[in-house]
Amino acid sequence: MAPDTVSLRYFLVLAQELNFTRAAARIGIAQPALSARMRRLEAELGTALLIRDTRSVVLTTAGAALAESAPPALAALDRAWDTARSAAAGELGTLRIGYSISTGAETAPALVDRLIRSSPGLEVGAVPMATPEISPAVAAGRIDAGITRGAQPGRGVRRFLLRRARVGVQLAQHHPLAEHPEIEIADAAAYPVRLPDRAANPVIHDQLSALFRDTRPHPRFHTPAVSFDMSQHDLRDGLTLAPASEAAVTTLSAGLTWRPLRGAPSLTLHLVLPREQSPVHRRIRAVAKTLAHELHWLPG
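Note that the structure is a prediction, hence the values are computed from the model and not measured. (Residues numbered from 1 in each chain as written. Predicted model: local features only at pLDDT ≥ 70, side-chain atom pairs only at ≥ 80, totals over all residues. Heavy atoms only, no water.)

Draft legend 1. Representation of the pattern of salt bridges in the model. This structure, assessed with the given rule, holds 11 salt bridges. Put simply, R26 and E17 hold a salt bridge, and the shortest N to O gap is 3.0 Å. Judged by relative accessible area, which is 46%, R26 ranks as partly exposed. Residues joined in a network through salt bridges with shared partners are E17, R22 and R26. (Salt bridge = Lys/Arg side-chain N within 4 Å of Asp/Glu carboxyl O. Buried < 20%, exposed > 50% of the residue type's maximum accessible area, 1.4 Å probe, protein only.)

Okay, structure coming up:
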């Protein structure tokens, strides 16, 4: 039979004090209740633990052995309880996060860092992925969570709004439009506009191109040969403008700047989780929600 751990903890206090009155006061119970606990513990063990008289308490050989061996056993039990609670709270295990490259500038690193700091028992790994692959990977369990730009389609997942960001354009610092604190959409449309390849991210491609739907004449859209062009020669040379959220400000290449587009709707970033969620998934959601509030990612 498993021991009564409460009585065992009371016994250890009594073994230190060797006085029922002081031990009961230290525990915060009445002395008769402590005496009853000790009699019940001795009955469970089938042996005397204490020799009592009117003035003092002396440990028997069995009592001294229990007083020596019980603390590490109770400490191990406490660790087991803590481990179970941590697992139930989603604070233990391995967490795999996939993120689209465009969210890697600021949003994904901030969430990963917060998860690591708040849950030391979680082993967190993050990898950039092509945007259309993220939701299917979450649904299939190949990754635990995803961060995408835009509400990407996908079955078997739930999407939570993580961030809402202003839309602007990246452009060369020497570009004529860089002189303005805000740029009119019609003015930006007068220049070639660099968009992501629609095959790589149809949601964002369509959302960004829709910014210019009502402008006349329509801008010429330019799609880089690769989905994420690190050279950005056309931007730095002032040949094109690139619509981007304000998060792009944190990773601008040398010679580039960012200006908001007046009246443009915001871009959204979403946390993608499986429809059936484990404690780890609920932990990600809770941390992401707190982070979004603290960093004002979702202004009212």
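Draft legend 2. Layout of the nonpolar core. Counting residues in each nonpolar core, the largest one holds 22 residues, and the members touching the most others are L95, I97, L111, I147 and L271. Of all the secondary-structure elements, those providing two or more residues to this core are β3 (93-100), α5 (107-118), β4 (122-129), β5 (145-149), β6 (157-165), β12 (267-274) and α10 (279-294). Apart from the residues lying within four places of it in its own chain, the contact partners of I97 are V112, L115, V124, G125, A126, V127, A145 and I147. (Core = buried A, V, L, I, M, F, W, Y, C linked by side-chain atoms within 4.5 Å. Helix = DSSP H or I, 4+ residues; strand = E, 2+ residues; numbered from the N terminus. Contact = heavy atoms within 4.5 Å.)

Draft legend 3. Broad picture of the sheet that holds β12. Read across the sheet, five strands follow the order β4-β3-β5-β12-β6 without closing on themselves; strand pairing throughout is mixed. The open sheet has two edge strands, β4 and β6, and neither has a second partner. Averaged over all pairs of adjacent strands, the angle between strand axes in this sheet comes to 20 degrees, irrespective of strand direction. Summarising the sheet, β6 and β12 pair through eight bridges and their orientation is antiparallel. Counterpart to F160 in the pairing with β12 is L271. On top of the sheet, α10 reaches β3, β4, β5, β6 and β12; it is set at about 160 degrees to β12, its chief contact. (Pairing = 2+ DSSP bridges. Axes fitted to C-alpha atoms, helices over the stretch in contact; angles between N-to-C directions.)

Draft legend 4. Looking closely at unusual backbone geometry. Here R216 and P217 are connected by a cis peptide whose omega angle stands at -5 degrees. Here P217 shows up in the loop between α8 (202-210) and β9 (221-222). One non-glycine residue with positive phi stands out, namely L18, at about 50 degrees. You can see L18 is positioned in the loop between α1 (5-17) and α2 (20-27). If you check the backbone angles, H296 has positive phi at about 60 degrees while not being a glycine. Mapped onto the elements, H296 comes out in the segment after α10.

Draft legend 5. Layout of the pairing of β3. Looking at chain direction, β3 and β4 are connected through eight bridges and run parallel. When the sheet's bridge partners are listed, I97 is paired in β4 with A126. Handedness of the crossover is the feature at issue here: the chain leaves β3, passes through α5, returns alongside β4, and the resulting connection is right-handed. Two elements, β3 and β5, share three bridges in a ladder whose sense is parallel. Paired with I97 across the bridge in β5 is A145. (Right-handed = clockwise from strand over helix to strand, strands pointing away.)

Draft legend 6. Layout of the packing of α5 against α10. Where α5 meets α10, the axes come as close as 10 Å, and the angle between the chain directions of the two elements is 115 degrees. Crossing of α5 against α10: the hand is right-handed. Here A110, L111, R114, L115 and S118 of α5 come into contact with α10, specifically with R283, I284, V287, A288, T290, L291 and E294. Each residue belonging to the contact of α5 with α10 can be placed in one class, and the counts come to seven nonpolar, two polar and three charged. (Left-handed = near helix turned anticlockwise from the far one by under 90°. Nonpolar A, V, L, I, M, F, W, Y, C, P; charged D, E, K, R; others polar.)

Draft legend 7. The arrangement of the side chain of Q277 in detail. Following the sequence through the fold, Q277 ends up in the loop between β12 and α10. A polar side-chain atom of Q277 sits 3.4 Å from the main-chain carbonyl oxygen of P274. (Polar contact = N/O pair within 3.5 Å; in protein donor to acceptor, adjacent residues only side chain to side chain.)

Draft legend 8. Spatial organisation of the sheet that holds strand β10 (residues 242-245). Within the open sheet, the three strands sit side by side as β10-β7-β11. Their pairing is antiparallel. Both edges of this open sheet fall to β10 and β11 (256-260), since each of them pairs with a single strand only. For this sheet, the mean angle separating the axes of adjacent strands, direction not counted, is 40 degrees. Two elements, strand β7 (residues 167-172) and β10, share four bridges in a ladder whose sense is antiparallel. Each bridged residue has a counterpart across the sheet, and for V169 the counterpart in β10 is P243.

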